[in-house]
Amino acid sequence: MNRDGRAILAVAAGAAVLVLGFMAVRPGTSEIEYLPSVTLGDPQDLGPSAMSAAVVLGTGESGGSSFLWLHLGSKTYRVTVQFYAPPGCFELVEFGDQWPAPFPECSSNVPVAGVITGLGNTPTGESIVAVDVEVARDCFDNVARGSSWPPAVSACTPGDS
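These notes cover the structure that comes with them. (Residues numbered from 1 in each chain as written. Predicted model: local features only at pLDDT ≥ 70, side-chain atom pairs only at ≥ 80, totals over all residues. Heavy atoms only, no water.)

What follows deals with the side chain of Glu126. Structurally, Glu126 is set in the loop between strand S4 (114–121) and strand S5 (127–135). One buried charged residue, Glu126, forms no salt bridge at all, with the nearest opposite charge on Arg145 at 21 Å. Among the polar contacts made by the side chain of Glu126, one reaches the side chain of Thr124 at a distance of 2.4 Å. (Helix = DSSP H or I, 4+ residues; strand = E, 2+ residues; numbered from the N terminus. Buried < 20%, exposed > 50% of the residue type's maximum accessible area, 1.4 Å probe, protein only. Lys, Arg positive; Asp, Glu negative; His and termini not counted. Salt bridge = Lys/Arg side-chain N within 4 Å of Asp/Glu carboxyl O. Polar contact = N/O pair within 3.5 Å; in protein donor to acceptor, adjacent residues only side chain to side chain.)

Below, the discussion takes up the pairing of S4. Sheet topology note: the strand S3 (residues 98–99)/S4 ladder contains 2 bridges and is antiparallel. Across the sheet, residue Trp99 finds its bridge partner in S4, namely Gly114. Sheet topology note: the S4/S5 ladder contains 6 bridges and is antiparallel. Bridge assignment links Gly118 to a residue of S5, and that residue is Ala130. The loop that links S4 with its antiparallel partner S5 comprises 5 residues; one of these, Gly125, has a positive phi angle of about 105°. (Pairing = 2+ DSSP bridges.)

Right, let's talk about the pattern of salt bridges for a bit. In the structure shown here, the tally under the stated rule is 3 salt bridges. One salt bridge connects Lys75 with Glu61, and the closest N-O pair in it is separated by 2.8 Å. Of this pair, Lys75 sits in strand S2 (residues 70–85) while Glu61 is found in strand S1 (residues 54–67), placing the two residues 14 residues apart along the sequence. Of the charged contacts, one joins Arg137 and Asp141 as a salt bridge, the two residues approaching to 3.1 Å between their closest N and O atoms. With a gap of 4 residues between them, Arg137 and Asp141 both fall in helix H3 (residues 137–141), about one helical turn apart.

Following the criterion strictly, the structure yields 2 aromatic pairs and no others. Measuring from centroid to centroid gives 4.9 Å for Tyr77 and Phe140, while their planes differ by 45°, and the two rings are tilted. Of this pair, Tyr77 sits in strand S2 while Phe140 is found in helix H3, placing the two residues 63 residues apart along the sequence. (Phe/Tyr/Trp six-rings, centres within 6.5 Å; stacked < 30°, edge-to-face > 60°.)

Now for the state of the cysteines. Following the criterion strictly, the structure yields 2 disulfides and no others. Here Cys89 engages in a disulfide with Cys106; their sulfurs sit 2.1 Å apart. Note on the Cys89 and Cys106 pair: the S-S dihedral is about 105°, so by sign convention the disulfide is right-handed. Of this pair, Cys89 sits in the loop between S2 and S3 while Cys106 sits in the loop between S3 and S4, placing them 17 residues apart in sequence. The class for Cys106 is buried, based on a relative accessible area of 3%. At a sulfur-sulfur separation of 2.0 Å, the disulfide partner of Cys139 is Cys156. Every disulfide takes its handedness from the sign of the S-S torsion; for Cys139 and Cys156 that torsion is 105°, giving right-handed. Highlighted residues: Cys139 in helix H3 and Cys156 in the segment after H3, separated in sequence by 17 residues. Its relative accessible area of 0% is what places Cys139 among the buried residues. (Disulfide = S-S within 2.5 Å.)

So, to be careful, I would describe these as geometric facts and stop short of saying anything about function.
As structure tokens, then:
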């Protein structure tokens, strides 16, 4: 084989290795799921327990990577929890703020600490808050969309991640 042929072969081999390497380290596939809605219940029906009622809206994991089916790095596990807060809290907090909020109007009996990812108001004035809570793997494995928060799993205690 002549010199030009070897150069072309080397470039082709290099390109093949580059493509295979890119395919090996690319992120995983994406899936879109259409899930039924999760409801917390009407605060009027819940009565005094409304401020301590909470439901899991979803779960997620992030971090880590894989190379040729070998998993590297650590993962972060999170649970999104939705609950009611007193009227007036909605106007004091924003998406991305830390929860628990430092305002008396945002007092809640729900044991969550994390980042606010959802806000709203009920027709009767209560604030609706959704918080992404970082949890331990054991907690992540024992909760599901629609389950009550906190579950009867010690690993789901805030700060045990």
